Amino acid sequence: MIKVIGIKFENSGKVYYFSPGNLKIKKNYNVIVETERGIQFGICATGIEEKKEEDIYLPLKEVTRVATKKDVEVNKKNKIASQKALVFSRELVEKENLDMKIYDASYTFDRKKLIFKFIADERVDFRNLAKVLAGKYKTRIELRQIGARDKAKEVSGLGPCGRPLCCSEFLTNFDGISINMAKNQGLALNPSKINGSCGRLLCCLGYEDEMYSYYKRNLPKIGQLVKTKEYTGRVKELSPLTNKYKIKTDDDMLIEIDGNEKWK
């Protein structure tokens, strides 16, 4: 087992693990850490905990220090400067007539890099844009294209269930979601019903898919002709979670059958 602490760099960002070293840090502490992208200001999303070595990527970098009041002020100034850079970059995109939408800009804590996040349907030639930005801000520019799901994760909002989006609350990775999952659960294939705020299939379609498959394994398929002790008909509806299904007989009767009843 190895001691780690989880750190976030954005309110709804992914949790990254670092070594706490000899520092006494707790959840919600502000800290300064060194990452692949430079020195960053982060917040402890967890307290110090122990994890198996095979569950994390080694070697871990140590937390540099607990953030001071001066560090907090520097971070605030960086955020203000980042917002100004965001406005300027959007004006440039419009001027260059580029088919992309920049929705976020952020400095690393040491201001050695200015990162812009954008979404675009196709590949964009932003070389001139990067050149102009580098000339204005005198620092290294990174333009990072992300997907619609990543944007929804950062922007957040409410899902059709009325709760905050899962991606902004607790999901750190996006698993593959397919239309077959909606079909497997008997959902109407209406985009307004099965698509999330990002315009992609709802992540929650994957939560119960395995259970539906498990309970459907002993039930007949929709459209299948079945014969029970009393009735014969074609399957019209399935209710896997209650272990029941409905058949339509030749005389147009809709009969509910218990899944435990023998059929062929």
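Reading guide: rules and limits
Residues numbered from 1 in each chain as written. Predicted model: local features only at pLDDT ≥ 70, side-chain atom pairs only at ≥ 80, totals over all residues. Heavy atoms only, no water. Salt bridge = Lys/Arg side-chain N within 4 Å of Asp/Glu carboxyl O. Helix = DSSP H or I, 4+ residues; strand = E, 2+ residues; numbered from the N terminus. Buried < 20%, exposed > 50% of the residue type's maximum accessible area, 1.4 Å probe, protein only. Polar contact = N/O pair within 3.5 Å; in protein donor to acceptor, adjacent residues only side chain to side chain. pLDDT = per-residue confidence, 0-100. Pairing = 2+ DSSP bridges. Axes fitted to C-alpha atoms, helices over the stretch in contact; angles between N-to-C directions. Contact = heavy atoms within 4.5 Å. Core = buried A, V, L, I, M, F, W, Y, C linked by side-chain atoms within 4.5 Å. Arc of directions from axis to C-beta.

### Brief notes about the pattern of salt bridges
Point 1. Per the stated rule, a full pass over the model turns up 10 salt bridges.
Point 2. With a closest N to O distance of 3.9 Å, Lys76 and Glu73 form a salt bridge. Of the two residues, Lys76 and Glu73 are both situated in helix H1 (residues 69–96); the distance of three residues between them amounts to about one turn of the helix.
Point 3. Judged by its relative accessible area of 46%, Lys76 falls in the partly exposed class.
Point 4. A relative accessible area of 41% means that Glu73 is categorised as partly exposed.
Point 5. The salt bridge involving Lys246 is made with Glu237; its shortest N-O contact spans 4.0 Å.
Point 6. Residues joined in a network through salt bridges with shared partners are Arg37, Lys113, Glu142 and Arg144.

### Quick word on the environment of Asp110
Point 1. When you line up the elements, Asp110 lands in the loop between strand S7 (101–107) and strand S8 (113–119).
Point 2. Judged by relative accessible area, Asp110 falls into the partly exposed class, the value being 27%.
Point 3. Sequence spacing of Asp110 and Ile39 is 71 residues, and the spatial spacing of their C-alpha atoms is 5.9 Å.
Point 4. Looking at Asp110, its side chain comes within polar contact range of the side chain of Thr108, at 2.7 Å.

### Digging into the confidence of the model for the protein
Parts of the prediction with low pLDDT should not have their coordinates interpreted in detail.
Point 1. Across the protein, the average pLDDT comes to 89, with 99% of residues at 70 or higher.
Point 2. Mean pLDDT values for the elements of the protein range from 78 in helix H3 (residues 148–155) up to 95 in H1.

### Brief notes about the sheet that holds S8
Note on sheets: strands pair through backbone hydrogen bonds, and any given pair is parallel or antiparallel.
Point 1. Taken in spatial order, the three strands line up as S7-S8-S9 in an open sheet, and their pairing is mixed. Edge positions in the sheet fall to S7 and strand S9 (140–145), since each has one partner strand and no second. With strand direction ignored, the average angle separating the axes of adjacent strands in the sheet is 20°.
Point 2. Relative to S8, S7 is paired through six bridges, and the arrangement is antiparallel. Directly across from Ile102, in S8, lies its bridge partner Phe118.
Point 3. In the packing of H1 onto the sheet, contacts are made with S7 and S8, and the angle to S7 comes to roughly 150°.

### Describing the nonpolar core
Point 1. In terms of nonpolar packing, the biggest core is built from 20 residues, with Met100, Ile102, Leu114, Phe116, Leu129, Leu133 and Leu143 touching the most fellow members.
Point 2. Put simply, the parts of the chain that give this core at least two residues each are H1, S7, S8, helix H2 (127–137) and S9.
Point 3. When residues of this core are assigned to their parent elements, the largest contribution, five residues, is made by H1.
Point 4. In this structure, Leu114 is in contact with Ala85, Ser106, Tyr107, Tyr137, Thr139, Arg140, Ile141 and Glu142, ignoring residues within four places of it in sequence.

### Some details on H3
Since one α-helical turn is 3.6 residues long, residues separated by three or four positions face the same way.
Point 1. What H3 keeps buried is the set Arg149, Ala152 and Lys153. With its buried residues spanning 105° around the axis, H3 presents them on a single face.
Point 2. Here the buried face of H3 lies against helix H4 (166–169).
Point 3. After H3 finishes, the residue Ser156 shows a positive phi value of roughly 70°.

### A look at the sheet that holds strand S12 (residues 244–249)
Point 1. Taken together, the four strands give an open sheet; going across it, the order is S10-S11-S12-S13, and neighbouring strands pair in antiparallel fashion. The open sheet has two free edges, formed respectively by strand S10 (225–227) and strand S13 (254–258), since each of these has just one partner strand. Shown here is a sheet whose adjacent strand axes are inclined to one another by a mean of 50°, direction ignored.
Point 2. Of the strand pairs in this sheet, strand S11 (residues 232–239) and S12 are connected by six bridges, and their pairing is antiparallel. The partner of Arg234 across the bridge, within S12, is Lys248.

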